[in-house]
Amino acid sequence: MFAYICRRVLATIPVMAIVALFVFSLLYIAPGDPASIIAGDQASPADVERIRAALGLDRPFLVRFATWLWDVLRGDLGTSIFTNLPVTKMIGQRIQPTVSLMVITLTISLCTAIPLGVVAAWKQGSWIDRFAMVISTLGFSVPVFVVGYLLAYVFALWLDWVPVQGYTPIEQGIGPWFANLILPAIALGLIYMALIARITRATMLEVLSQDYVRTARAKGVAQQGILFVHALKNAAVPIITVVGIGFAALIGGAVVTESVFAIPGLGRLTVDAILRRDYPVIQGVVLMFSFVYVLVNLGVDLLYTLFDPRIRY
Amino acid sequence: MKRRTLLTAAAATLAAPRLSLAQNTRVLKFVPQANLSSMDAVAGTQYVVRNAAMMVWDTLYGIDSSFTPKHMMVEGHEVNSDFSVWTFKLRAGLKFHDGGAVTTRDVIASLKRWMVRDTMGQQIAARLDALEAIDDLSFRYRLNKPFPKMLFALGKSNAPMALIMPERIAATDPFQLIKEYVGSGPMKFNVKEWVPGATAVFEKYESYPVRQEAGDWSSGAKRMNFDRIEWIIMPDGATASAALQNGEVDWWENPIPDVVPLLKRNRNLNVDIGDPFGNIGSFRMNHLNPPFDKVGVRRAVMMALSQADYMQAVVGDDTALWKLCPGFFTPGSPMYTEAGGNLLKGPRDYEGAKKLLKESGYNGEKIQLVVPVDVAITKAEGDVTADLLAKIGMNVNYLATDWGTTGTIRAKKDPVDKGGWNIFHTWHAGADCVNPAPYTALDAGGDKAWFGWPKSDKVQAGIAEWYAAPDQAAEKAACVKINEASFENVTYIPTGFFLQYTAWRKNVSGIVKSPFPVFWGVEKS
């Protein structure tokens, strides 16, 4: 197992190298120019050109790539073209809100979707099953920003229970921190919840029809025990796979959610950087997201062995 | 613990930060027009950067609401009879936020950096014999030609502004952004709390020597009634609207037109025109590429262009927000004139336009219309233009893109088939169009002009005449000539004049109409 983990961690190196080359090339070919944005709309073409030169954007591709790669290898993701702040510092400023949002979203989603899927499978064809499926279809169909606006209107503007927007660091109190994140987490988590609930239901239906479940029932095992100890454990592998895949969707959804609720997270940083063509920031953030995604996949693979002892690496 | 007690405690915990936030009258929460992505209003000309910089850095002169320069960092000045030798004396005791005294070394370094980037600064540089310190508080400009507009140049709020920075910061290449944000203005920039794209925090500079004269735009007393001003960047208009209604923010600089009716109905909010000088929409053609290299083709488009169509698309049905503008200068400003603008008035003449297009040699070439669809105003203008050009029989290629890409495309002088362009849209702040100095888009100097590279000797002669004008009557005469020549040449086509609202909570007072948000004098009860 240890050897496997080492191999997988080492395998992230070429993956990250490919991502780095891909992102850098894509940004190089993509149109757009940070110099014209810095200069502003009223600047003359000559001024824009001078700013481009001052930023080093007129240097050849290979020179720019080699310089950037060398810096990255030394742990330096560069400096923002606009703010002159180190990219690592900018990412550091934004990590807590995004991680907090992810943690609450995952917690709410998993705690809601798995029981919902299990019960829907157990009571297949009943009103509970239909209700669960309606909820999950809605979760799939309604865009994140629509859910976000609706939640903000009802719970923030109308009932005045929580703030409309913003983020309070956890150091300033769990209450305010949670109050700022609960609506975005629900909005973001809805699609995730739907995905997990559906896959849980489908897998559980298959498992519940297995012989060993009938045997357990015949032996007099309680329903809860059958569902959550015997069946769910055997249904866990596909569910974990979907949880892992859904993580990417969650990162994408965070971009929209953070904009709607004005949360200063990594999603907004990415969008702002793309709109401004702040190349070092885009490259840094994409590299970081790729790394996290590779780690999540590794985590998922390791979890398989926990739930299914037949799986060996 | 009883369940009800627990729930009450939980609710109180959630509500607590919001109560304290609402009760804090020493903190102003402001939603700016855009993200504050940098903090250098000399290297860049973005309005949002200029607005932030005006709190942090002071200027030698300020401009009041009648566009008259007033003393700010200077105690006084002397000028010779032909406006070629200007001697200035700084106020004693001025200090930067880091405690360093403001001296003529800082001023001269700052002015040297500014002169490289600013149009008026470049005019001064072209006449410059010497910019010299007399002592720590006095300095002198010696010019080889008169420059009557010196005080306006040093005080204007159009970017790039002549902001005074410590010498070490002002030594930065004018084409690179500064890395230290130390000024001598009424607010200090808190770099530690700056989260670009999310928040920017300004803290009161207690040692700021407030002038005794009444505050008026960038002149007079800049008395701050807040210990902190927090800029909260909200990319989403609906969220900003909800936050303002909920009291989470105090002032929203530019509400999107869609939510204005909702804000107006809220009894806790004030909604009013923020900048009385508004904006002038711009239909910008590339004078280098066919068919717009022919003045007849440019005029044909102007004959058919309806400003009302553009304005309704940009700001909607609220007629208080727009008016026709058959002139290049800002309506309501002293230089405004409609001389030469007849082609933009009256019913639109599509048949006449088609005929003129044919006579001018337009043969159905493809028109590359670059439309940044991520900016609501340019998207609306682009849609109207696509429709207009189709109506007069032009072959349009609608290139939907984003603003960042437009910045690259519009800088290209190449032919259309090699990535060049024919038309793009933008808008110019009315405060930049009150006279020719900050009005980059009006310049018709050919290769050195703004994007589109229009060329007209008559326009350039008019601009030179304005610079030399000794009084307002002479300035107006020059502007009439510029306006006529600009229409004759069709330097660009103004698509109308439009205003924007600003919205704030009723417990905030002292907000004035101005081309930029004026924070001094604002209070919160």
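Everything numeric in this text was worked out from a predicted model, so none of it was measured.

Peer 1: How would you explain unusual backbone geometry if you had to name every residue and give the values?
Peer 2: Residues and elements named next belong to chain B. The omega angle of the peptide bond from alanine 159 to proline 160 is -5°, so this bond is cis rather than trans. In this structure, proline 291 follows proline 290 across a cis peptide bond, with omega equal to 5°. Within the element layout of this structure, proline 291 appears in the loop between β13 (279-285) and α9 (295-304). The phi dihedral of phenylalanine 67 falls on the positive side, at around 65°, and the residue is not glycine. Here phenylalanine 67 is to be found in the loop between β2 (61-63) and β3 (69-71). The exposure class assigned to phenylalanine 67 is partly exposed, which follows from the 18 C-beta atoms found within 10 Å. Located in the positive-phi region is valine 490, a residue other than glycine, with phi close to 50°. Structurally, valine 490 is set in the loop between α15 (472-489) and β18 (493-498). Assessed through the 22 C-beta atoms surrounding it within 10 Å, valine 490 is described here as buried.

Peer 1: So what's going on with helix α11 (residues 350-359) of chain B? Residues and values would help.
Peer 2: Residue and element names in this part refer to chain B. If you check which residues of α11 are buried, you get Ala353, Leu356 and Leu357. The arc that holds the buried residues of α11, viewed along the axis, is 105°, so those residues lie on one side. For α11, the exposed residues lying more than 90 degrees away from the buried face are Glu351 and Glu359. On its buried side, α11 packs onto α9. In the stretch just after α11, glycine 361 is the one whose phi turns positive, near 95°.

Peer 1: Before we move on, could you go through the domain arrangement of chain A and cite the residues and values that matter?
Peer 2: All names here are of chain A. Domain assignment breaks chain A into domain 1 (20-73) and domain 2 (89-307). The centre of domain 1, based on its C-alpha atoms, is set 37 Å off from the matching centre of domain 2. Domain 1 puts nine residues into the contact, and the matching count from domain 2 is eight residues. Of all elements in the fold, only α1 (2-29) and α2 (34-39) reach the threshold of two or more residues within the side of domain 1 that touches domain 2. Residue contributions to the side of domain 1 that touches domain 2 peak at four residues, all from α1. Split into classes, the residues belonging to the side of domain 1 that touches domain 2 amount to seven nonpolar, one polar and one charged.

Peer 1: Tell me what's going on with the environment of tryptophan 68 of chain A, and back it up with residues and numbers.
Peer 2: Mapped onto the elements of the fold, tryptophan 68 of chain A is located in helix α4 (residues 61-73). Apart from residues no more than four positions distant in its own chain, tryptophan 68 of chain A is found in contact with Phe24, Gly78 and Gln283 of chain A.

Analysis parameters
Residues numbered from 1 in each chain as written. Chains lettered and ligands numbered in written order. Predicted model: local features only at pLDDT ≥ 70, side-chain atom pairs only at ≥ 80, totals over all residues. Helix = DSSP H or I, 4+ residues; strand = E, 2+ residues; numbered from the N terminus. Buried ≥ 20, exposed ≤ 12 C-beta atoms within 10 Å, placed from the backbone. Arc of directions from axis to C-beta. Contact = placed C-beta atoms within 7 Å. Domains from an automatic or database assignment. Nonpolar A, V, L, I, M, F, W, Y, C, P; charged D, E, K, R; others polar.

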